[in-house]
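The residues making up each chain are set out below.
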Amino acid sequence: MKQAVILAAGEGRRLRPFTVNKPKAMISIAGAPILQYVVESLAQNGIRDIVLVVGYRKEQIFDCMGSGEQFGVDIKYVTQERQLGTTHALSKAKAAVNDEFLVLPGDKLIEADTIAQIAAARPEAILVKKMEDPFRSAVVTIENGMIKEATRPERRVSTQSREPGIQIVNTGIYCLSRAILDYLKDEPSIPAALNSVIADGGKIRALETASTWLDVVYPWDILSLNGAVLRRVQGQLGGIIETGVTIKGLVSVDENTIIKSNCYIAGPVVIGRGCEIGPNVCILPATSIGDNVVIAPFTEVENSVIGSDVSVGPGSIIQDSVIDKGCAITGHLSAISGETEIKIDGYHRVKVGAMLGEGCSLGSNVVAMPGVIAGNYTQVKALKLISGQTPDRSLVV
Amino acid sequence: MCGIVGYIGNKPAQPVLFKCLARLEYRGYDSCGIAVAGNGIDLQKDRLRVGELVKKVPLLEGMTGVGHTRWATCGEPSAANAHPHLDCSGCIAVVHNGIISNFQELQQQLTDEGHHFLSQTDTEVLPHLIEKYYQGNLEEAVAAALKDIEGSYAIVVLREGESKLVVARKDSPLIVGIGDQENFAASDVPAILDYTNRVVYLEEEDIGVITNSGIEIRQNGSVIRRKEHKIPWSVDEAQKAGYEHFMLKEIHEQPRVIRDTLIGYGHEIAPIIDLESMRDTGTEAMLFVACGTSYHAGLVGKCIFEELLGIPVRVELASEFNYYPQTLAKTMSIVITQSGETADTIKATRRLQEKGCHVLAITNVVGSTISRIADLTLYTQAGPEISVASTKSFIAELVALYWLAMSYSIADIKRLADMLMTLRQLPNTVQQVLDNKSGIKQCGEYLAGYDNIFFIGRGINYPVALEGALKLKEISYIHAEGYAAGELKHGPFALLDKDTPVVAVVAKDNTYEAMLNNIREIKTRGAPVIALVENGDESVGEMADFVISVPKVGLIFSPIVNSVVLQLLAYYAAEKRGCPIDFPRNLAKSVTVE
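Remember, predicted model here, so these are calculated numbers, not experimental data.

**Student:** What should I look at first to understand the sheet that holds strand E21 (residues 452-457) of chain B in this one?
**Tutor:** Where strands meet in a sheet, backbone hydrogen bonds hold them as pairs that are either parallel or antiparallel. All names here are of chain B. Pairing in this open sheet of 5 strands is parallel, and the strands run E22-E21-E23-E24-E25 from one edge to the other. Edge positions in the sheet fall to strand E22 (479-484) and strand E25 (546-550), since each has one partner strand and no second. This sheet shows a mean twist of 20 degrees between the axes of neighbouring strands, independent of strand direction. Note that strand E24 (residues 529-534) and E25 share 5 bridges and pair parallel. Paired with isoleucine 530 across the bridge in E25 is phenylalanine 546. Helix H17 (residues 512-524) contacts E21, strand E23 (502-505) and E24 of the sheet and is inclined by roughly 170 degrees relative to E23.

Structure representation (structure tokens):
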């Protein structure tokens, strides 16, 4: 098994505003998008021939992954212009695949351990995992180690219902043979196509994994993803660390970054290239900060994801928050975490701070209420309070 | 302007030579050829592009060879004029980039001595001269031949039966790539990145002997050691990676290029280079010299420097400046060239230095000729640019100029802090333009239907209009003219009608009202108008036929976002017309002849 097809054409609508300008697979944590972790996991398992099915905002993927050279893999691109389901995506890759290949989602956090078993398996097989309260359509039924049902029909069309309790779910990771491609054209999704294979007497094994497999469905899921990625941070200090800086735990600081006097950084924390942090900034676990970021004095950041090119002015407090790239925060932002109810496809009770889309600009002394989701390029004048959800390019005056 | 390569090692030379040549095509591509030393010298050349010749040629045996991709300067593009060129005996093969100015005399002299010439090129005198001086030692013969030559050259020489390549350069670029039991020579670094990232830059008038185990470089007859450099570029960066064209790839790389260039310059607005030493020359004026797209960067730079430093700046085209009687002695001079090899800019630099000027070079290529002759060099971090039409290197040059001006600015601290914040967010601002390019694509496709187009701007966006017109004409072959908006009345108005669209760059600065008047005047002549306006600007929309909204970035940075819009506009117009976007006809990436 030396080939993998990664499906990375999807948009991820429920993750808006973070997926307005990038595909879901390009959501970035600790300096790398989700897709890159998938590719690295494949490379670690010796799978270096990769076909990437791209579509929505594909340029972002081209820019980041290139020819795969820097990750030690060889990437071929296949374009799925319209996102018409996973079978449609896979059929686009038909001309590029060998007799046997893996299929993986490009937008789930997958570690090398997770796919070790299926990478060594023969077709046909599905990687499954135990999960709590999953979506009903993801649940599989197994008999004697073989898949009986690869997906279940929804009770009602066009809704996604939950199946309570611990269930065994399909991870969207498959080991398939070319023969399966013949079943693709009649079904919308790969699991549905596999159900037809089973109906025709085909055998599909179920391989179970207990390792990391994380999906990001809603904006606040980015924080749990961040937590999972930061668990494997390796401490390394590049750049300039001025005297009087305290660093505890695993902290990674990249080149050309300066950490000024009296900063206190408790890992796991990842800080990218060319940042300017401090003096007197407090960064608490688990935080990841992109490239070219400025964090001005007397600011505290805790359990948050800050994208590249962000400037955070002095005296701000940022907890459990996601701040996408290019935001300009003048100063004294209060983004404190709290339990709140957010409505995206129904109501969710979560503990979270602020979620700001790309390129937002906030005047001084803005209060961001827990759970606020600000659209891309939202502008907020000084001394305002923001809450709820704002569309892209909102103006708060 | 040509690309040359040489290979000696343990692999068949032909595939290596072709792969390297393909990466050099941006330097010229009207004809190409290779010579491989196996059983005698096998020569294959034609008026074809590399990809076409590959299909035509049988596999030549031999693990030593030279190759050339040409952009005709002396003698029309033809199979006979393509390199390599051989001597009378067919034992010596030469590839050459440069111009031999005294070739006619030499040719006459050699013909009188019984040599027989097959081409109209200047290069062909070289193999014959080497043949004349050859007495058992190739490098001595090359050294003797080069003594007779006037002009510029980078050459790789091969002789049947000798397991070595002889290389030499003067005023044309040449590098040596160090591999494992194999070595390379090439006009630039990306050519050999598939095989090695260890590089030695040859200096002026170096003569080197390359074998498969090493290189020996001599200058004036004595052996000299040149430093080996490790190149951080990966070959990946020289490939298209999913995009249809290098130009589109390079346009999309711009957010990263801006970020990398900024990160490279550091954290504080502090002088990154010692301009003070240049200021000691006692003059309070500056001179910028450049060609083509870099000249447009210089014109934007003029506005930035005049505003932030409060001193007058003169901007000159290098190709004209070299013929002007006055140089502005003892000024601070900045020369701008992406490749660092632009012949006119290099000549201007030398001339300025002779007059006592200190010269700061802004270039994208580490180790390029300009970086070695200028007093100071400021590098941009654009990475290799393959598309003939410059995009990311232009933006990187602008970022370098902004940073330089801000470093020495007399503006107040608060304003500088605001500017720095805007500058840091520019990667994302440019990304915003790229993310919303569907409207631009529509306008580009619209423009593809016309034969004459005007680009107008005012103030700091006047050079942006010039650059927009240049981009459009070079890749889409649509006749386009960049004009200062106020100058339209002084002539070009006679050309305006419903078939001459006007692209207007409207900035919300002190030129705004005047621009609105210009657009009104244009509309009364019935010409379609495409207006670039700041987000949220409603008043232009009523007048213009198409409006492209660009993100607000504050006055002084507007050229960056507007330029990116105009790059995309040109790209989509050319794509609609089915033009060969990365390799437009008659053009080469950098112009190393005057």
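The structure having been displayed, the exposition proceeds.
**Student:** Quick question: what am I supposed to make of the domain arrangement of chain B here?
**Tutor:** The accessible area lost on association of the parts is a frequent measure of interface size. Splitting chain B by domain gives domain 1 (3-237), domain 2 (240-431) and domain 3 (436-581). On a C-alpha basis, the centroid separation for the pair domain 1 of chain B and domain 3 of chain B is 45 Å.

**Student:** Before we go on, may I ask you to explain the side chain of Asp320(A) in this structure?
**Tutor:** All names here are of chain A. Following the sequence through the fold, aspartate 320 ends up in the loop between strand E28 (317-319) and strand E29 (322-323). Only 2.9 Å separates the side chain of aspartate 320 from the side chain of asparagine 303, close enough to count as a polar contact. Leaving out residues up to four positions away in the same chain, aspartate 320 has contacts with Leu223, Glu302, Asn303, Ser304, Ser337, Lys351, Val352, Gly353 and Ala354.

**Student:** I tried to follow the pattern of salt bridges on my own but got confused; where do I start?
**Tutor:** A side chain of one charge can pair with a side chain of the opposite charge when the charged atoms of the two come close. A complete count under the given rule lists 46 salt bridges over all chains for this structure. For Lys24(A), the salt bridge is made with Asp107(A), and the minimal N-O distance between the two is 3.7 Å. Of this pair, Lys24(A) sits in the loop between strand E1 (3-8) and strand E2 (28-29) while Asp107(A) sits in the loop between strand E6 (100-105) and strand E7 (108-110), and the two are 83 residues apart along the sequence. The exposure classification of Lys24(A) matches that of Asp107(A), with both residues buried. The partner of Asp260(B) in a salt bridge is Arg273(A), and the shortest N-O contact between them spans 2.9 Å. In this pair, Asp260(B) sits in helix H7 (residues 254-265) while Arg273(A) sits in the loop between strand E20 (269-271) and strand E21 (276-277), so the two residues belong to two different chains.

**Student:** Sorry if this is basic, but what is going on with the interface of chain A and chain B here?
**Tutor:** In this assembly, 34 residues from chain A lie in contact with 26 residues from chain B. Together, the buried faces of chain A and chain B total about 2,700 Å²; carbon and sulfur atoms form 44% of this surface. Together, Asp63(A), Asn292(A) and Asp309(A) form the three largest contributors to the area buried by chain A at its contact with chain B, with a combined 21%. At the junction of chain A and chain B, the tally comes to 12 residue pairs in polar contact (both at pLDDT 80 or more). Among the elements of the structure, helix H2 (58-65) and strand E30 (328-329) of chain A are those that each provide at least two residues to the side of chain A that touches chain B. Top element by residues in the side of chain A that touches chain B is H2(A). It accounts for 4 residues. Taken together, the residues that form the side of chain A that touches chain B break down as 9 nonpolar, 13 polar and 12 charged.

**Student:** Explain a nonpolar patch on the surface here, please?
**Tutor:** A cluster of nonpolar residues, Val367(A), Met369(A) and Leu385(A), forms a patch on the protein surface that exposes about 240 Å² of accessible area. For Leu385(A), the position within the fold is in strand E39 (residues 385-386).

**Student:** How should I be thinking about the packing of aromatic side chains in this particular structure?
**Tutor:** The relative placement of two aromatic rings is captured by the distance of their centres and the angle of their planes. Residues and elements named next belong to chain B. Inspection of the entire model under this criterion finds 13 aromatic pairs over all chains. Pairing tyrosine 265 with tryptophan 403 gives two aromatic rings, centres 6.1 Å apart and planes at 45 degrees, and the pair type is tilted. Of the two residues, tyrosine 265 is situated in helix H7 and tryptophan 403 in helix H13 (residues 392-407); the sequence distance between them amounts to 138 residues. There is no split in this pair, since tyrosine 265 and tryptophan 403 are both buried. Over the ring of tyrosine 134 we find arginine 159, and its NZ or CZ is 3.9 Å from the ring centre. Sitting over the ring of phenylalanine 321, arginine 351 keeps its end group 5.4 Å from the ring centre.

The rules behind these values
- Residues numbered from 1 in each chain as written.
- Chains lettered and ligands numbered in written order.
- Predicted model: local features only at pLDDT ≥ 70, side-chain atom pairs only at ≥ 80, totals over all residues.
- Heavy atoms only, no water.
- Pairing = 2+ DSSP bridges.
- Helix = DSSP H or I, 4+ residues; strand = E, 2+ residues; numbered from the N terminus.
- Axes fitted to C-alpha atoms, helices over the stretch in contact; angles between N-to-C directions.
- Contact = heavy atoms within 4.5 Å.
- Domains from an automatic or database assignment.
- Polar contact = N/O pair within 3.5 Å; in protein donor to acceptor, adjacent residues only side chain to side chain.
- Salt bridge = Lys/Arg side-chain N within 4 Å of Asp/Glu carboxyl O.
- Buried < 20%, exposed > 50% of the residue type's maximum accessible area, 1.4 Å probe, protein only.
- Buried area = accessible area lost by both parts, 1.4 Å probe.
- Nonpolar A, V, L, I, M, F, W, Y, C, P; charged D, E, K, R; others polar.
- Patch = residues over 30% accessible without salt bridge, like charges linked within 9 Å, V, L, I, M, F, W, Y side chains within 5 Å.
- Areas by Shrake-Rupley, 256 points an atom, 1.4 Å probe, with all protein chains shown as cover.
- Phe/Tyr/Trp six-rings, centres within 6.5 Å; stacked < 30°, edge-to-face > 60°.
- Lys NZ or Arg CZ within 6 Å of the ring centre and 35° of its normal.

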